[in-house]
Amino acid sequence: MILILSSNVDERSQEYSQLMAHLAAMPGIVTRVHVERGAEQTVTEIYLIGNTKQLDIEDMQSLPCVERVVRVSEEYRILGRHKDDRRPTHFEYNGVRFGQDTLNVFAGLCAVDNRQHVEQMMRALRDNGQLCTRMGAYKPRTSPYAFQGHGKACLPYVFELAGKYGIRVVAMEITHESHYDEIKEALHLTGNPTGVMLQIGTRNTQNFELLKIVGRQTEMPVLLKRGFGITLDESLNAAEYLASEGNRNVVFCLRGMKTNMGDPHRNFVDFSHVPVVKRQTRMPVCIDPSHSVGTRAASPDGIMDMMHVTAQGVMAGANMVLVDFHPAPPEALVDGPQAMLMPELPYFLEDVQIAREAYLKRVELRQRQ
Ligand code: PEP
Ligand code: MN
């Protein structure tokens, strides 16, 4: 059960103390307080954990400071969508809104290889009105002999160039808690020219200790990839780990499932789950056409499969697209063959826009029924 308190409640007030004393005296119930400080107001939520079935909603509603009570019926207590749940489905980070109602494209390098390619990418993004990108510095690779990413060494120029070209959010995978410290330090040393969305890759979806560490920091939002060989429920629970530790600014990314049923695509595309995740949770949903399809193959209409699946996901309401681009794919150290080319960026963005407009029209049509 979640008690949503009246906004801007004062933790030093007598009413608040009375409420907390009352809750503390309830047998078999423990409380967890979450405070969300927004630009205009502060919202306090109290999670009651334990045997809450016995509690009467009206009784709880009549307690001091309580504005609303949400009975949590499903598993994902914080990120889930519950009955009569009017909690927000968006958050803001570094001036960019991420929500179940928005669409942001994160085109960029799968892996940072050199400064020149980062700069070419960032410049193209700025020239095409983009505020976000992806830049892999720490790469989890199947083979221990494969390029593992430049790591810490590339962070200063990646962040400086992001600042130079007006990029506000860089999605960057981390595979270890030390990477978070390195990113924080590099951002600090370069004067915080940009923001970072920490990415948890599909190989780490259930790395619970990493999830806890990333969840305990609330400075940077998190992009959690769906695990490629586990159920959707297991991946959504992984997202809930982040929130239960304190960070609820989580975007959930569909990136295809590992099974040869998807051949000849690299993974079996799962973008039909965009509406499912939006229905079950309050998280914005991202799609990754690059790592799910994994080839530049095109259908007889000339349109690449990656673009077809992007359109399918966006037309079903996806809120973010994470996609690999590269200025010189043959020179790319990771995933060159699936990269889109720089001249394809305006074309890709326009195609995404067509799908977005189709989605909005579909919503409007539904509302007219
Ligand atoms: C990536 O986005 O660079 C990546 C490695 O993706 P995934 O974790 O989905 O394989
Ligand atoms: Mn990749």
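Residues numbered from 1 in each chain as written. Chains lettered and ligands numbered in written order. Predicted model: local features only at pLDDT ≥ 70, side-chain atom pairs only at ≥ 80, totals over all residues. Heavy atoms only, no water.

Enquirer: Help me understand the environment of Q14, please; the structure alone is not making it clear to me.
Expert: Its place among the elements puts Q14 in helix α1 (residues 14-24). Once the C-alpha coordinates of Q14 and Q41 are considered, the two residues, 27 residues apart in sequence, prove to be 20 Å apart. (Helix = DSSP H or I, 4+ residues; strand = E, 2+ residues; numbered from the N terminus.)

Enquirer: How should the nonpolar core be read in this particular structure?
Expert: In this structure, M135, V158, M172 and I183 are the most contacted members of the largest nonpolar core, which totals 93 residues. Split by domain, this core shows at least three residues from each of two domains, domain 1 (2-71) and domain 2 (92-368). Among residues more than four places away in sequence, those in contact with I183 are Y138, L155, F159, M172, I174, V196, L198 and M220. V9, L23, I29 and I46 belong to the second largest nonpolar core, which has 17 residues in total. (Core = buried A, V, L, I, M, F, W, Y, C linked by side-chain atoms within 4.5 Å. Buried < 20%, exposed > 50% of the residue type's maximum accessible area, 1.4 Å probe, protein only. Domains from an automatic or database assignment. Contact = heavy atoms within 4.5 Å.)

Enquirer: Can you walk me through the packing of aromatic side chains in this structure?
Expert: Each pair of aromatic rings is reported with the distance of its centres and the angle of its planes. Under the defined criterion, the tally for this structure stands at four aromatic pairs. Three or more aromatic residues joined by ring pairs form one cluster here, namely F91, F98 and F106. (Phe/Tyr/Trp six-rings, centres within 6.5 Å; stacked < 30°, edge-to-face > 60°.)

Enquirer: Would you mind showing me how to read the site of ligand 1 here?
Expert: Around ligand 1, the neighbouring residues are C110, R134, K139, E173, Q199, G201, T202, R203, K225, R255, D288 and H291. Take Q199: an N or O atom from its side chain is 2.9 Å from an oxygen atom of ligand 1. R255 places a side-chain nitrogen or oxygen 2.5 Å from an oxygen atom of ligand 1. Across the shell around ligand 1, the residue classes break down as one nonpolar, four polar and seven charged. (Near = heavy atom within 4 Å. Polar contact = N/O pair within 3.5 Å; in protein donor to acceptor, adjacent residues only side chain to side chain. Nonpolar A, V, L, I, M, F, W, Y, C, P; charged D, E, K, R; others polar.)

Enquirer: Looking at this model, I keep getting lost on the domain arrangement of the protein. Mind explaining?
Expert: As a measure of interface size, the accessible area lost when the parts come together is often cited. Segmentation of the protein into domains returns domain 1 (2-71) and domain 2 (92-368). Placing the centre of domain 1 and that of domain 2 at their C-alpha centroids yields a distance of 36 Å. Between domain 1 and domain 2, roughly 350 Å² of surface is buried when both sides are summed, and carbon and sulfur atoms account for 26% of that area. When the buried area of domain 1 at its contact with domain 2 is split by residue, R32, H34 and E36 rank highest and sum to 80% of it. Across the domain 1-domain 2 interface, the total number found is two salt bridges. Note that E36 is salt-bridged to R248, the shortest N-O span being 3.8 Å. (Buried area = accessible area lost by both parts, 1.4 Å probe. Salt bridge = Lys/Arg side-chain N within 4 Å of Asp/Glu carboxyl O.)

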